[in-house]
Amino acid sequence: MPLVPIIALLLLGSGLAIAYVIGGGAVLAFLAADKGRYLAILPQQIFSKIDVFALMAMPLFILAGEFMNRGGVTKALINLSIALVGRLRGGLGHVNVLTSVFFAGISGSAIADAAALSNTLVPAMRERGYSLSYASVITAASSIIGPIVPPSIILIFYGAIMGTSVTSLFLAGIIPGLILAASLIALNAFYAWKEDHPRISAEEAPALAPTLLRSLPALCLPIIIIGGIVFGWMTPTEAAAVAVFTALAAGWFYDGLKRDAILEGLRRTAMLSGSIFIIICAVSALGYLGALERIPEAISSAVDALGLGPAGYMLVLNVIFLIAGMVLDIPVALALLVPLLAPVALAHGADPVHLGIILCFNLCIGLVSPPLGGCLLVVSTVTGVNYWRLARAILPFVLVQVGVLILLVQVPEISLFLPRAFGFMGGG
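Residues numbered from 1 in each chain as written. Predicted model: local features only at pLDDT ≥ 70, side-chain atom pairs only at ≥ 80, totals over all residues. Heavy atoms only, no water.

### As for the overall build of the protein chain
Argument step 1. The helix and strand tally for the protein chain stands at 21 helices and zero strands.
Argument step 2. Looking at the protein chain residue by residue over its 428 residues, the buried ones come to 53%.
Argument step 3. Considering only residue pairs separated by 6 or more positions, the protein chain has 79% of its internal contacts joining residues 24 or more positions apart.
Argument step 4. Total accessible area on the protein chain stands at roughly 17700 Å², and carbon and sulfur atoms take up 69% of it. (Helix = DSSP H or I, 4+ residues; strand = E, 2+ residues; numbered from the N terminus. Buried < 20%, exposed > 50% of the residue type's maximum accessible area, 1.4 Å probe, protein only. Contact = heavy atoms within 4.5 Å. Areas by Shrake-Rupley, 256 points an atom, 1.4 Å probe, with all protein chains shown as cover.)

Here's what the structure looks like:
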């Protein structure tokens, strides 16, 4: 197993994509470790990792998000947020966070949220006197609400890897996502008071009743998804399929979703889904080698030998995933680290649902943290703000997010309350 990072670094230097680096490094490590005889079983091991029913929901939710993003939904959600909180001081900052909450129930993607709001809300905030840096920072910071509040692509991914109920994970993400949103709104209120940010006048804000009525098609999507799953009308995969048709209907209602937009959405979905499945296949090979080398057992023995205990190991795990989120794509980090490190936490008494929320929250913070924060890069590219200037300005927001993470680690009931209340703890 120590040969894998050496081989992977050599392959990475050749310019290969990360999935091929991981997969190629694992296969070569099989040969170098004199375990070539196991390669005949490797295709079966890989297929077993992708032959998971829950994974079918992932491309469908991606497709629903693509249709919603291209169908004029963003504007409707922004108008609803302005009608609700725009009159408060720092109103557009609050709107930014609240729109991310609404958007989370549609796309489940931080990158999609960051890109959409960078194109729409950042210019609007700039026109009303906010600094370009602050408008960009709060857009990036609020974008990570998307993967926490259901539907979440990364929670589906974690559920498939660990065999954990996706329904339980979806329910478990609701309260943490709302706490994160409330924390960011509180920080925005502080900056609004400190820097005298403007508010939207009553004359400029849209009327609530007609705005809410026009927003109903967009708001129906998360209600259909969560309601259908919780009340047992649909599995997460069936809910994802319904979400695609709801997204098409909403896109037609708002903007008349055009043929070219639909085709582009299908193309993007195929690309994103294909890249994720290739990563799963590559990391499956690495995970099989790790199982043969009994890596999880070795880690567990090391934890016991060091006397870390459950709390100590959870602290180490959080640090590892925070760092991984800063330098790796979330699917890569999940597929690479979860099979090796999560079983040890479960063996020490961690709940798989609570653990999933914690690990995914960790990785999402990495999306807005240097050196390779994905959302920071997107916002910097769209708004033109220097990346490192943005990275410095976002630090207070990252500290708030880490504070929320510590709260979630210390109080598991925050994540587990809804799954327990609806009787979804356990099962697949």
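### Digging into the confidence of the model for the protein chain
Argument step 1. Residues with a pLDDT of 70 or more make up 88% of the protein chain, whose mean pLDDT is 81.
Argument step 2. Per-residue pLDDT, averaged within each element of the protein chain, yields its smallest value for helix α1 (residues 3-12) (59) and its largest for helix α20 (residues 395-410) (94). (pLDDT = per-residue confidence, 0-100.)

### Focus on the packing of helix α7 (residues 110-127) against helix α18 (residues 374-383)
Argument step 1. For the pair α7 and α18, the least separation of the axes is 9 Å and the interaxial angle reads 25°. Here α18 runs roughly parallel to α7, going by the angle between their axes. The interaxial crossing formed by α7 with α18 has right-handed handedness. Here Ala110, Ile111, Ala114, Ala115, Ser118, Asn119 and Val122 of α7 lie close against α18, whose contacting residues are Gly374, Cys375, Val378, Val379, Val382 and Thr383. (Axes fitted to C-alpha atoms, helices over the stretch in contact; angles between N-to-C directions. Parallel < 35°, antiparallel > 145°, perpendicular 65-115°, else oblique. Left-handed = near helix turned anticlockwise from the far one by under 90°.)

### A short note on the pattern of salt bridges
Argument step 1. As enumerated under the stated definition, the model contains four salt bridges in all.
Argument step 2. Residue Asp196 pairs with Arg89 through a salt bridge whose shortest N-O separation is 2.9 Å. Residue Asp196 is found in the loop between α10 (166-195) and α11 (208-230), and its partner Arg89 is found in the loop between α5 (73-85) and α6 (91-104); the two are separated by 107 residues along the sequence.
Argument step 3. By relative accessible area, Arg89 is classed as partly exposed at 33%. (Salt bridge = Lys/Arg side-chain N within 4 Å of Asp/Glu carboxyl O.)

### With respect to the state of the cysteines
Argument step 1. Counted according to the given criterion, the structure contains zero disulfides.
Argument step 2. No disulfide involves Cys360; its nearest neighbouring cysteine sulfur is the one of Cys364, lying 6.6 Å away.
Argument step 3. Given the relative accessible area of 1%, Cys360 is considered buried.
Argument step 4. No disulfide involves Cys375; its sulfur sits 8.2 Å from that of Cys364, the nearest cysteine.
Argument step 5. Classification of Cys375 by relative accessible area gives buried; the value is 0%. (Disulfide = S-S within 2.5 Å.)

### Thoughts on the layout of surface pockets
Argument step 1. One number sums up the size of the largest pocket: a volume of about 920 Å³.
Argument step 2. Along the walls of the largest pocket sit 35 residues, with Ser109, Ile111, Arg268, Leu272 and Pro331 positioned nearest its centre.
Argument step 3. When the residues that make up the lining of the largest pocket are grouped by side-chain class, the tally is 22 nonpolar, nine polar and four charged. (1 Å grid on protein atoms, 1.4 Å probe; cavity = no way out; pocket = protein on both sides within 12 Å on 5 of 7 lines; lining within 4 Å. Points joined across faces, edges and corners; volume = space filled by probe spheres on them. Nonpolar A, V, L, I, M, F, W, Y, C, P; charged D, E, K, R; others polar.)

### Focus: a nonpolar patch on the surface
Argument step 1. Together, Leu84, Leu208, Leu212, Leu213 and Leu216 give the surface a local cluster of nonpolar side chains, amounting to about 430 Å² of exposed area.
Argument step 2. The element best represented in the nonpolar patch is α11, accounting for four residues.
Argument step 3. As for its position among the elements, Leu216 is in helix α11.
Argument step 4. The class of Leu216 is partly exposed, set by a relative accessible area of 38%. (Patch = residues over 30% accessible without salt bridge, like charges linked within 9 Å, V, L, I, M, F, W, Y side chains within 5 Å.)

### Quick notes on α18
Argument step 1. When we look at burial in α18, the residues that qualify are Gly374, Cys375, Leu376, Val379, Ser380 and Thr383.
Argument step 2. Downstream of α18 by a residue or two, Gly384 has a phi angle that is positive, lying close to 85°.

### Focus on the side chain of Thr246
Argument step 1. Along the polypeptide, Thr246 turns up in helix α12 (residues 236-255).
Argument step 2. The residues contacting Thr246, other than those within four sequence positions of it, are Leu221 and Ile224.

### A short note on the nonpolar core
Argument step 1. Ranked by internal contacts, the top residues of the largest apolar core, which has 140 residues, are Ile145, Leu317, Leu334, Ile394 and Phe397.
Argument step 2. Take this core: its biggest share by element is 12 residues, from helix α16 (residues 330-347).
Argument step 3. Apart from residues lying up to four places away in sequence, Leu317 is in contact with Leu341, Ala345, Leu355 and Leu359. (Core = buried A, V, L, I, M, F, W, Y, C linked by side-chain atoms within 4.5 Å.)

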